[in-house]
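Chain by chain, the residues run as shown.
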Amino acid sequence: VRADRRGELFQIGRSAIALITRDLKGILSSQSTYDVGLVGEDSGDFDTISFYTSSNEPDPSRTGECDLMQVRWYIGIDSGDESVALRRSTVKLLTAITAFQDDLYLIEPVAPEVTALDFRYFDGSAWLDSFDSVQSNTMPTAIEVTLQVTVGPATDYESQIFRTVVYLPIEQIDFNAQKSGAKK
């Protein structure tokens, strides 16, 4: 039983890390006045990160859509039973529906076994616990993703920490210089 749990821990952890990494590797910055950029909030074991990505394949059966979306990763608490779970919230952009409303967001419970989520952001010189690309006018060069996976009954559970560093495929741009027409 314990060996099965260890296998389950690693499968869940690797899968969750792979999904977050896929979204981060497709990260975009529109550099527009209305850009919400990348926003990472430090909330102890329940961090959140929100950004634009192009990580998913477009659905050819749905005309007028592309793979550009806003993604939010977070630990959500189910109000029904107070349990926590890793969640991914998305809204497709550039669709036939242009108004942003809360009901346009697709919220996917990814892994109820993920009980903690932490992000750290490398700005080129230091690791930061939170990040706002709109305020800093830059994107981080890397993001460290740490999550805790817990399986088993409350009286006999096993827990494992998973961590990876994702290097972002973004050229570092001085957004203020670009808006004024100058190059860095």
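Coordinates for the structure precede this section.
Please read these numbers as outputs of a predicted model, since none were measured by experiment. (Residues numbered from 1 in each chain as written. Predicted model: local features only at pLDDT ≥ 70, side-chain atom pairs only at ≥ 80, totals over all residues. Heavy atoms only, no water.)

Peer 1: Explain the overall build of the protein to me, using residue names and the numbers behind them.
Peer 2: Counting its secondary structure elements, the protein contains 3 helices and 11 strands. When the helices and strands of the protein are listed from N to C terminus, the series reads α-β-β-β-β-β-β-β-β-β-α-β-β-α. A burial count over the protein gives 37% of its 184 residues as buried. If you take every contact in the protein between residues at least 6 apart in sequence, the share linking residues at least 24 apart comes to 59%. By element, 51% of the accessible surface of the protein is carried by carbon and sulfur atoms, the whole surface being about 10,400 Å². (Helix = DSSP H or I, 4+ residues; strand = E, 2+ residues; numbered from the N terminus. Buried < 20%, exposed > 50% of the residue type's maximum accessible area, 1.4 Å probe, protein only. Contact = heavy atoms within 4.5 Å. Areas by Shrake-Rupley, 256 points an atom, 1.4 Å probe, with all protein chains shown as cover.)

Peer 1: Outline the pattern of salt bridges, supporting the account with residue identities and numerical values.
Peer 2: Under the criterion given, the structure shown has 6 salt bridges. Where glutamate 144 meets arginine 163, a salt bridge forms, and the shortest distance between an N and an O atom there is 3.9 Å. Within this pair, whereas glutamate 144 is found in strand β10 (residues 142–151), its partner arginine 163 is found in strand β11 (residues 158–167), the two being separated by 19 residues in sequence. For arginine 163, a relative accessible area of 54% gives the class exposed. Salt bridges here are not isolated pairs; linked through shared partners, they connect Arg22, Asp23, Arg88 and Glu108. (Salt bridge = Lys/Arg side-chain N within 4 Å of Asp/Glu carboxyl O.)

Peer 1: Hey, could you go over a nonpolar patch on the surface for me, with residue numbers and the actual values?
Peer 2: The grouping of Trp127, Val165 and Tyr167 at the surface amounts to a nonpolar patch, some 310 Å² of accessible area in total. Tracing the backbone shows tryptophan 127 in strand β8 (residues 127–128). (Patch = residues over 30% accessible without salt bridge, like charges linked within 9 Å, V, L, I, M, F, W, Y side chains within 5 Å.)

Peer 1: Break down the environment of phenylalanine 119 for me, with residues and values.
Peer 2: Mapped onto the elements of the fold, phenylalanine 119 is located in strand β7 (residues 114–122). Phenylalanine 119 gets classed as buried once you look at its relative accessible area, which sits at 0%. In this view, phenylalanine 119 contacts Ile20, Asp47, Thr48, Ile49, Trp73, Asp129, Ile143, Glu144 and Val145; residues no more than four positions away in its chain are not counted.

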